[in-house]
Every structure is written in C-alpha cells, then in structure tokens.
Amino acid sequence: MFSHSEYTEFYVVVGNHDIGFHSEASGDLHLFQRFSSVFDSPSVKLLSIKGNLFVLVNSVAMQGDGCALCSKAMVELDTVADKLDCHRKSYQQVYENTVMKKRNFCELPEDSPAPILIQHFPLYRETEMKCTGVDAPPPEAKPITNRESWDVVSKEMSDKLLELIKPRLGIITPDKYAVSKCFIPRESTVIALYIMAALSVLLANMRLVYIHLKSRGKRTKIMVDCCVR
C-alpha cells in the first residue's frame, strides 16, 4: 500500500475509505475478507511493540447491530479484552477460562501497560466544542451535533470499547478536519485536475497535428508549383 523498507513494521487500521461504510461493508463481506486477508487486518487486533500494547479497531464493524461483520468483530473484541484483563481476574477465573478456551495462561506480561486504542472514527462526543489544536474544526462547525456511527462511533459502542479495552490513550486516523488541515485535495478537485490535464494533452496533440498537416500542405503546394513550371 505504501512504500517502506523491509525493516519497517507495517500495520493497517481498517476504515470506511478501505471497505466502505457499514451499509456497504456488511452487504459485501467478501470485500472486507479480501482486504483483511491481504493486509492481515482483522476488525480487532492486539499488538505488542517494544513493551507497548496497541488495539487496532475497525470502526465500520462497531455498529453492534448483529450483522455478520459486527458479530465477528464483537467476538474478536471479547477475545482481546480477555487477554488484556487476564491478570485482573482471580486465579480461579483464569484457570476456568484456560481450560474452556484451551489457551495459554495469561499471554501478556503482568506488568503490561494499558493499551493504546487506534481506530478510524473518533469515540463518541456530542459536538466538537472541547476540541482544540491544529486539527480542530473551525469555530462555526464546533457546535454541530455529531452523527453517531457516521461522524463518531456510537455512544453505546464507545462505552463498550472503553469498558473492555480500558485504553490509556485513543488515537484516530485523520478525520475530515485533520485531512483539510493537511491540505489534502478533495476527490472532486482531483477529478477536475485529471480532466484539465487530459484536455491540455488533447489540445496539445491537436495543435501538433494541425502544424504537421499545415506543413505538409505547404510542401504539397511547392511541389505542385514546381511541376507546373
């Protein structure tokens, strides 16, 4: 997807730009399965990098509506939560889970830090009034109510993520304001540039053809004049 050296660890956080919004992704599971297989990016993934834990979450699968996409994501979320919560449970609970699920006894070190949650959509917030910094929306946009499951993860699923993951930090991939601050052109602008470039090439080619035909016409006229003389 992006050029990087063989020494760079590369991970993908799935979002709507990859598999579409929920209505599209849940209606065509093959699209997500293909993307997930190629980039090793399930809906919920736990990473341990240099002693730090990261939980990568597919926001599109955080609808909680019982569809196949979301149901599998919930299973993966519960599995990751069990791993993170292993040392907080009583030894009897750990033993029972180990026997029932046939997995190793507490996969993560006991002194593991709280994880960092990374996803595409922000966790639920009613508006952007409390947002500050270079990526904050303009003042006139801050009071606008965010649409759950569209602009932000729904309140219900946000509460569930916080309850199960217990993150020390939440990071989102660029939202509409961060993108605009980075001066990334809109899709309509890119399309317009492509059209303008294509027209420029077409006009340049037409001019070359015209010049070529005009020069051939002059040569033909000279030859005719020579023959007449």
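Small disclaimer: the values here were computed from a predicted structure and weren't measured. (Residues numbered from 1 in each chain as written. Predicted model: local features only at pLDDT ≥ 70, side-chain atom pairs only at ≥ 80, totals over all residues. Heavy atoms only, no water.)

**Re the sheet that holds strand β2 (residues 52-57)**
Then comes step 1: Here we have 4 strands laid out as an open sheet, ordered β1-β2-β3-β4, and mixed in their pairing. If you trace the sheet from one side to the other, it starts and ends with β1 (44-49) and β4 (169-172), each paired once. The mean angle between the axes of side-by-side strands here comes to 20°, regardless of whether they run parallel or antiparallel.
Then comes step 2: Examined bridge by bridge, β1 and β2 share 6 bridges and lie antiparallel to one another. Opposite V44, over in β2, you have V57 as the bridge partner.
Then comes step 3: Packing of helix α4 (residues 68-85) onto the sheet brings it into contact with β1 and β2, and relative to β1 it is tilted by some 30°. (Pairing = 2+ DSSP bridges. Helix = DSSP H or I, 4+ residues; strand = E, 2+ residues; numbered from the N terminus. Axes fitted to C-alpha atoms, helices over the stretch in contact; angles between N-to-C directions. Contact = heavy atoms within 4.5 Å.)

**A look at the packing of α4 against helix α6 (residues 155-165)**
Then comes step 1: As a packed pair, α4 and α6 sit with axes 9 Å apart at the nearest point and diverge in direction by 30°. Considered as vectors, α4 and α6 are oriented roughly parallel to each other. Here α4 contributes M74, L77, D78, V80, A81 and L84 to the contact with α6, which in turn contributes M157, K160, L161, L164 and I165.
Then comes step 2: Among the residues making up the contact of α4 with α6, the classes are represented as 9 nonpolar, no polar and 2 charged. (Parallel < 35°, antiparallel > 145°, perpendicular 65-115°, else oblique. Nonpolar A, V, L, I, M, F, W, Y, C, P; charged D, E, K, R; others polar.)

**Some words on a nonpolar patch on the surface**
Then comes step 1: Residues I195, L199, L202, L203 and M206 make up a contiguous nonpolar surface patch of roughly 500 Å² in combined accessible area.
Then comes step 2: With a relative accessible area of 48%, M206 lands in the partly exposed category. (Patch = residues over 30% accessible without salt bridge, like charges linked within 9 Å, V, L, I, M, F, W, Y side chains within 5 Å. Areas by Shrake-Rupley, 256 points an atom, 1.4 Å probe, with all protein chains shown as cover. Salt bridge = Lys/Arg side-chain N within 4 Å of Asp/Glu carboxyl O. Buried < 20%, exposed > 50% of the residue type's maximum accessible area, 1.4 Å probe, protein only.)

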